Amino acid sequence: MFKNKTVTVGISGGIAAYKSAEIVSWLKKNNAEVRVIMTEGACRFITPLTMKTLSGQPVAVDLMSMDPAYNVPHIDLAACDLFLLLPATANILAKAAMGLADDLLSASLLATKAQVIAAPAMHCDMYDNPATQGNLQILAGRGWTLIETEEGVLACGAIGKGRLAGIPKIMQVIEATLNPDKPLAGRRVLITAGPTWEAMDPVRYLGNRSSGKTGYCLAGAARDLGAVVDLVSGPVALDPPPGVNLHRVESALEMARVVTVLYPACNIVIAAAAVADYRPRQAAKEKIKKSSASLNLYLEPNPDILAGLGQNKGERILIGFAAETENLLEEARKKLREKNLDYIVANDVSQPGAGFAGDTNIATIISAQGEEKQFPLMSKKALAMEIWQYVIHNSQFTIHN
Ligand code: C5P
């Protein structure tokens, strides 16, 4: 993932220093060339030997080092594709904001022309102090990417804002920075697609005309944009896009079960499936025999999978579809609200060129903020990319203070 990328990791002296080991190891496993700078304080929290072993490179500590590995240490180390400051203590942030260069890490930061990502971590009172907040603003103004601290129990037992951001969040920001053409890098996307089949007996089912094409195109586009994709698909006659995790299901209840298992790990959900609203109360064990009498079929409602996810949304982005034949936008807005979605894609399935079976669609995307964008007639593949671009543009994917 990071082949030919050079990352300098600066570790300053806070208890969160030990967490940098996991990031260095992950960078290395993903083929980045990693060079580590540690401050004197950092060396007391975690050993240079640990970082040398994980990075496979000598660890730099001393600004005046005579180590033959470096010509001029702070200049050599400043030359990289990404400079990661993890953790960033209040002290190193203040030094960087002031442009001080009294140790190897601060001197390298002053010399670097690379993008800097800093993950601050400190006591909540130090974090809240206007001096620190002012320094963060100065650094953000210079183009640094600051990964916001989290709130919680700190090392000293106090509760407040100042904990290092979660490792997955830090990884996401690194991935998005090193691979800017992959805005969904580090994201996990869950997509439902296709119809569901609701069994009447061993040979018959109730279904609908959904081809699954839109969901499959959305899955392929998400993969191209760098996401890890779980595609939960009802029965369709399509080849899955290579590189996505395909989970085949048949009925709405099966789809709901699989989605429930995958949901906790995902960041974005697109529900493109045409889930049957009803299922036969009981599928007959044997094939229902033909007779001249009329047949009563008792149907009971299926769970609304997407509405269920909306009740436990957390930080996730939820996107639904509304396929309607009348009052399109009104119905779509109602579903957006009722299912607690961030976006809904409305399409009038009665229009020529739109709807289930064909390769084209005409759609309007509506955001929870009430913004709307119309997409004219286009291929489902092109529409999938348009939807992603709209969602990416309108959602906050990187964290800047
Ligand atoms: O069926 P309805 O028009 O309410 O579908 C709107 C959205 O809700 C679609 O995104 C669809 O995939 C989702 N849905 C669902 N489970 C259902 C019905 C719909 O996830 N049982």
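Refer to the structure presented above.
First things first, this report covers the structure right here in the doc. (Residues numbered from 1 in each chain as written. Predicted model: local features only at pLDDT ≥ 70, side-chain atom pairs only at ≥ 80, totals over all residues. Heavy atoms only, no water.)

A few words now on the overall build of the chain. Each helix and strand counted, the chain has 14 helices and 19 strands in total. Counting only C-alpha atoms, the chain reaches 95 × 40 × 40 Å along its principal axes. Of all 401 residues assigned to the chain, the portion counted as buried reaches 49%. The long-range share in the chain, meaning contacts at least 24 apart out of those at least 6 apart in sequence, stands at 66%. Of the roughly 19600 Å² of accessible surface on the chain, 52% is carried by carbon and sulfur atoms. (Helix = DSSP H or I, 4+ residues; strand = E, 2+ residues; numbered from the N terminus. Buried < 20%, exposed > 50% of the residue type's maximum accessible area, 1.4 Å probe, protein only. Contact = heavy atoms within 4.5 Å. Areas by Shrake-Rupley, 256 points an atom, 1.4 Å probe, with all protein chains shown as cover.)

Pairing is mixed in the open sheet, where eight strands are placed in the order E12-E11-E8-E13-E16-E17-E18-E19. Because the sheet does not close on itself, it has two edges, and the strands there are strand E12 (245-248) and strand E19 (372-379). Neighbour-to-neighbour, the strand axes of the sheet open up by a mean angle of 15 degrees, direction not taken into account. In this sheet, strand E18 (residues 360-367) lies alongside strand E17 (residues 343-348) in antiparallel orientation, the contact comprising four bridges. (Pairing = 2+ DSSP bridges. Axes fitted to C-alpha atoms, helices over the stretch in contact; angles between N-to-C directions.)

On to the pairing of strand E2 (residues 33-38). With respect to burial, E2 is a largely interior element, five of its six residues being buried. The pairing of strand E1 (residues 6-11) with E2 spans six bridges and is parallel. By the bridge assignment, Val9 is partnered in E2 with Val36. In terms of handedness, the path from E1 via helix H1 (residues 20-29) over to E2 forms a crossover that is right-handed. (Right-handed = clockwise from strand over helix to strand, strands pointing away.)

Close contacts around the ligand come from Ala271, Ala273, Val275, Asp277, Pro303, Asp304, Ile305, Leu306, Gly320, Phe321, Lys335 and Lys339, and that covers them all. In this structure, an oxygen atom belonging to the ligand sits 2.6 Å away from a main-chain N or O atom of Ala271. At the level of elements, helix H12 (305-310) and strand E16 (317-324) are the ones that each hand at least two residues to the shell around the ligand. (Near = heavy atom within 4 Å. Polar contact = N/O pair within 3.5 Å; in protein donor to acceptor, adjacent residues only side chain to side chain.)

Here we come to the packing of aromatic side chains. Tallying each qualifying case throughout the model produces three aromatic pairs. When the ring of Phe2 is compared with that of Trp26, the centres are 5.3 Å apart and the planes differ by 80 degrees; the resulting orientation is edge-to-face. With Phe2 in the segment before E1 and Trp26 in helix H1, this residue pair connects regions lying 24 residues apart in the sequence. Note on accessibility: Phe2 and Trp26 belong to one class, buried. Arg316 extends its terminal NZ or CZ atom over the ring of Tyr263, reaching a point 4.1 Å from the ring centre. (Phe/Tyr/Trp six-rings, centres within 6.5 Å; stacked < 30°, edge-to-face > 60°. Lys NZ or Arg CZ within 6 Å of the ring centre and 35° of its normal.)

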